[in-house]
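The chain contents come next:
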Amino acid sequence: MRTASGHGGDRIAAVLERHGVRFLFTLCGGHISPILTGCKTRGIRVVDVRHEASAVFAADAVARLTGVPGVAAVTAGPGVTNTITAIKNAQLAQSPVVVLGGATGTILKGRGSLQDIDQMALASPHVKWAASTSRVRELAPTLERALWVAREGVPGPVFVEVPVDLLYGEETVRMLYGQMGGGGKGLAGRALAWYLDRHVAGLFRGADGPLPPATPAPAAPAPSRLAVRRAARLAARAERPLLMVGSQAMLEAPRAQELAAAVERLGWPVYLTGMARGLLGKGHPLQRRHHRRRALRAADLVVLAGVPFDFRLDYGRQIHGKAGVVAANRSREELTKNRSPTVAAEGDPALFVRELAARVEGRGRWAAWLQELAGREAEREEAIAEMATRPTEHVNPIHLCREIDRALPDDSVLVADGGDFVATASYTISPRGPLSWLDPGVFGTLGVGGGFALGAALCRPQAEVWLLWGDGSSAYSIAELDTFVRHGLSVVAVVGNDASWAQIAREQVEILGDDVGTVLLRTGYHGVADGYGARGFLLDRPEKIGPVLAAARDAAGAGQPVLVNALLGATDFRKGSISM
């Protein structure tokens, strides 16, 4: 392991290197340049994007897919403010992300320097921990703590503010501050020069010392044995058990297959949500996708592994009042928010499921229950297949999604960024394996697409990365096509172009009788792709679906990013889906 030398940016890079950080996402700025050059020197790939939010979204995707904190570095002021939505999304998704924010020089804070704002007050409410460094020797230990805090307990983003005069070498900083001193002429000039000299000496005192010991990754918090035993006793009496697995169960990304094996040993019907989609692969006999509300009302035992009682479960009311409820969650608050479970297991939900599966006997006891739910599943699939055959203007979105599902290879990653089109895809497209589905999470943030796809393509270079965009949401990050081109990442993007904010319009028009603010144009997004150096395809008729998707995959296979502009017709597939 090389020691840190040269400047503060290299010390930061040295810490990232020894923690296995492979990528630094950024949009360049003078306040952070030494971090970028330091990382490049140490073999950390610097990936520059077109908007700071995309840098944080990409870091978020890396964290979800690898379990190693994703890292973004952004410049001061507007560079930091541009990240806030992405940081908040990571906080609510419980994703371990480290954001390094540049800042004005330590001696210039509050004096009206370029891009100087109170960044700590801005970031602190949206992160697990925020810190501002004031000496070069503080950089490494502060970053060590940040990497640990981001992963410990309930993971989440952290923010580290790094003033620019801690990043450049001492000689450069002395020269810049010397220019401020005006050459030390006159009594006032000499006093200022003396003050600046002492200040710089303080900044760099101890800067050449060795790096602090590396902080080991925190262990996943284990649930209590008592909670596992109590849940196992409930399972022994259950006739209609049901399992729900959520994103939090996927935080230990390298152990996803162990969780999948535990779910199979348990033998219960299971609904997979968020990052857990794809955990069991395509078409697994235990997995259910449809009629979840009916299943929850009929179950006599529901185990929620990393799934909170929030709006997605109607605040717990979807579960029958007399059912036994077991909640496993790293967050003590989320265990009991909105509904008190029969058993509350504070700890990692994946660990809980593995330990529960080791205790539960009688896998074949639930065959009738499985068959009942399988029958409902088949009925719904038949109804969806019938809806896919109905003619619409241009392309039926259900038909398109089913064709995308047929085209997906086993090694693929799906990125979901949109409303109506993406929700349709979630019911009709099956992720092929663990860690192969990325969506924003509970915050419902539009704009994750470009950054998520960027992170996925870097983490899984051999996989086909498919980015499913609504036409409204595509505008937030379509400029990242340029990033894909510059960094040689062959993402396949599909824009569901219905010329509408359809998820909003459907209910707004019916309830309020007005489509104001929801109407878009049939924009030529394929031409936008061509302009950025990617390959654009227009898909405007159903008979072109197969040939266009095949051509898109061929172009991506040859190393070119692709965008398919799919003109969609309207359906009532998701009528009544408004959430509050």
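Residues numbered from 1 in each chain as written. Predicted model: local features only at pLDDT ≥ 70, side-chain atom pairs only at ≥ 80, totals over all residues. Heavy atoms only, no water.

A. Representation of the nonpolar core in the model. Counting 93 residues, the largest nonpolar core has Phe-25 and Leu-243 as its most contacted members. The residues touching Phe-25, leaving out its near neighbours within four places in the chain, are Val-47, Ala-55, Ala-58, Ala-59, Val-62, Val-71, Ala-72, Ala-73, Leu-454, Gly-455 and Leu-458. Counting 40 residues, the second largest nonpolar core, distinct from the first, contains Leu-36, Ala-140, Leu-203 and Ala-207. (Core = buried A, V, L, I, M, F, W, Y, C linked by side-chain atoms within 4.5 Å. Buried < 20%, exposed > 50% of the residue type's maximum accessible area, 1.4 Å probe, protein only. Contact = heavy atoms within 4.5 Å.)

B. Summary view of the pattern of salt bridges. On inspection of all chains with the given rule, the structure shows 32 salt bridges. When the shortest N-O distance is used, the salt bridge between Arg-354 and Glu-258 registers 3.7 Å. Residue Arg-354 is found in helix α14 (residues 349-359), and its partner Glu-258 is found in helix α11 (residues 256-266); the two are separated by 96 residues along the sequence. Taking relative accessible area as the criterion, Arg-354 reaches 14% and is therefore assigned buried. The partner of Arg-289 in a salt bridge is Glu-381, and the shortest N-O contact between them spans 3.5 Å. In this pair, Arg-289 is assigned in the loop between β8 (270-272) and α12 (292-298) and Glu-381 in helix α15 (residues 367-388), connecting sequence segments 92 residues apart. Overall, the relative accessible area of 21% leaves Arg-289 in the partly exposed class. Taking the relative accessible area as the measure of exposure, Glu-381 reaches 26% and is therefore partly exposed. (Salt bridge = Lys/Arg side-chain N within 4 Å of Asp/Glu carboxyl O. Helix = DSSP H or I, 4+ residues; strand = E, 2+ residues; numbered from the N terminus.)

C. Inspection of the sheet that holds strand β2 (residues 45-48) at higher detail. Taking strand neighbours across the sheet as the criterion, the six strands line up as β2-β1-β3-β4-β6-β5 in an open arrangement whose pairing is parallel. Looking at strand neighbours, the two that pair on one side only are β2 and β5 (129-132), the edges of this open sheet. Averaged over all pairs of adjacent strands, the angle between strand axes in this sheet comes to 20°, irrespective of strand direction. Across five bridges, strand β3 (residues 70-74) lies against strand β4 (residues 97-103) in parallel orientation. Looking across to β4, one finds that Val-71 is bridged to Val-98. (Pairing = 2+ DSSP bridges. Axes fitted to C-alpha atoms, helices over the stretch in contact; angles between N-to-C directions.)

D. Examining the packing of helix α1 (residues 8-18) against helix α2 (residues 33-41) more closely. Closest axis-to-axis distance for the α1/α2 pair is 7 Å, and the angle between their directions is 45°. The pairing of α1 with α2 is recorded here as oblique in orientation. For the crossing formed where α1 meets α2, the hand is right-handed. Taken together, the residues of α2 that come into contact with α1 (itself represented by Gly-9, Asp-10, Ile-12, Ala-13 and Leu-16) are Pro-34, Ile-35, Gly-38 and Cys-39. Taken together, the residues that form the contact of α1 with α2 break down as six nonpolar, two polar and one charged. (Parallel < 35°, antiparallel > 145°, perpendicular 65-115°, else oblique. Left-handed = near helix turned anticlockwise from the far one by under 90°. Nonpolar A, V, L, I, M, F, W, Y, C, P; charged D, E, K, R; others polar.)

Honestly, it's all geometry; don't read function into it.
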